[in-house]
Amino acid sequence: MSTIKTIIVLAVIYAIFLFSGYGVTVGSSENAAGLGLKCQYLTARGIVSSQYIHSDSGVIGVANCPIFKQVGEVVDTK
């Protein structure tokens, strides 16, 4: 019975990501001599990458990848 509940919970999470256009962080890496930060987000449609300016303090740019990010492509809800 717990397998059915798990499948239902995963289907609800997938639907939320599909219709909201948000993704969750699955990976990150520094690039450009530590000045850039490449973040990868898992969305309902696949993996999306974003580039940010990086600084350890977070004063200029970001220190870490945001946990959630809204991507530009959202399923039409008309």
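In every chain, residue numbers begin from 1 and rise along the written sequence. Reporting in this predicted model follows two pLDDT cut-offs: at least 70 for local features of residues, and 80 or more for side-chain atom pairs to be given and counted; totals over whole chains, interfaces and linings ignore these cut-offs and use all residues. Note that water and hydrogens are dropped before the side-chain values are worked out from all heavy atoms of the structure.

Asks: Could you clarify how one ought to interpret the state of the cysteines in this entry?
Replies: When the sulfur atoms of two cysteines share a covalent bond, that bond is a disulfide. Throughout, a disulfide means two cysteine sulfur atoms within 2.5 Å of one another. Taken as a whole and assessed by the stated rule, the structure comprises one disulfide. Between the sulfur of C39 and that of C65 lies a disulfide, 1.9 Å long from S to S. The disulfide joining C39 to C65 has a torsion of about -90 degrees about its S-S bond and is therefore left-handed. Pair noted here: C39 is in strand β2 (residues 36-43) and C65 is in the loop between β3 (46-53) and β4 (68-70), with a separation of 26 residues, a long-range link. Here C39 and C65 have matching classes, each one buried. Elements are defined by DSSP. Helices are runs of H or I of four residues or more, strands are runs of E of two residues or more, and each kind is numbered from the N terminus. Three exposure classes are used, based on accessible area relative to the maximum for each residue type with a 1.4 Å probe and protein chains only: buried under 20%, partly exposed in between, and exposed over 50%.

Asks: Quick question: what am I supposed to make of the pairing of strand β1 (residues 22-31) here?
Replies: Looking along a regular strand, one sees the side chains alternate between the two faces of the sheet. Across three bridges, β1 lies against β4 in antiparallel orientation. Paired with Y22 across the two strands is Q70, which belongs to β4. Following DSSP output, two strands are said to pair if at least two bridges run between them. Hairpin remark: β1 followed by β2, antiparallel, with four residues in the connecting loop; positive phi at A32, about 55 degrees.

Asks: Where do I start with the side chain of S55 in this structure?
Replies: Structurally, S55 is set in the loop between β3 and β4. Engagement of the side chain of S55 in a polar contact is seen with the backbone oxygen of I60, the distance being 2.7 Å. N or O atoms closer than or at 3.5 Å make up a polar contact, with two conditions inside protein: a donor-capable atom paired with an acceptor-capable one, and, for residues adjacent in sequence, both atoms drawn from side chains.

Asks: I tried to follow the environment of G61 on my own but got confused; where do I start?
Replies: Here G61 lies in the loop between β3 and β4. Residues G61 and G36, 25 residues apart in the sequence, show an inter-C-alpha distance of 8.8 Å.

Asks: So what exactly am I meant to see when it comes to the sheet that holds β4 here?
Replies: Strand order in the open sheet formed by four strands is β3-β2-β1-β4, and the pairing between neighbours is antiparallel. Only two strands of the sheet have a single neighbouring strand rather than two, namely β3 and β4. Each strand of the sheet is rotated relative to its neighbour by a mean of 40 degrees, with strand direction disregarded. Any pair of residues with heavy atoms lying within 4.5 Å of one another is described as a contacting pair. Geometry is summarised by axes, namely lines fitted to C-alpha atoms with helices restricted to the contacting stretch, and by angles between N-to-C directions that run from 0 to 180 degrees. Docked against the sheet, helix α1 (residues 2-20) engages β1 and β4, running at close to 75 degrees with respect to β1.

Asks: Explain a nonpolar patch on the surface to me, please; I cannot follow it from the model alone.
Replies: A patch consists of residues whose relative accessible area exceeds 30% and which take part in no salt bridge; residues with like charges are grouped when within 9 Å of each other, and nonpolar side chains (Val, Leu, Ile, Met, Phe, Trp, Tyr) when within 5 Å. Exposure was quantified through the Shrake-Rupley algorithm and a 1.4 Å probe, taking into account, for residues, occlusion by the shown protein chains and nothing else. For this analysis, a salt bridge means a side-chain nitrogen from Lys or Arg found within 4 Å of a carboxyl oxygen belonging to Asp or Glu. Together, I4, I8, V12 and I16 line one region of the surface with nonpolar side chains, adding up to about 380 Å² of accessible area. Note that V12 resides in helix α1. Owing to a relative accessible area of 46%, V12 belongs among the partly exposed residues under this scheme.

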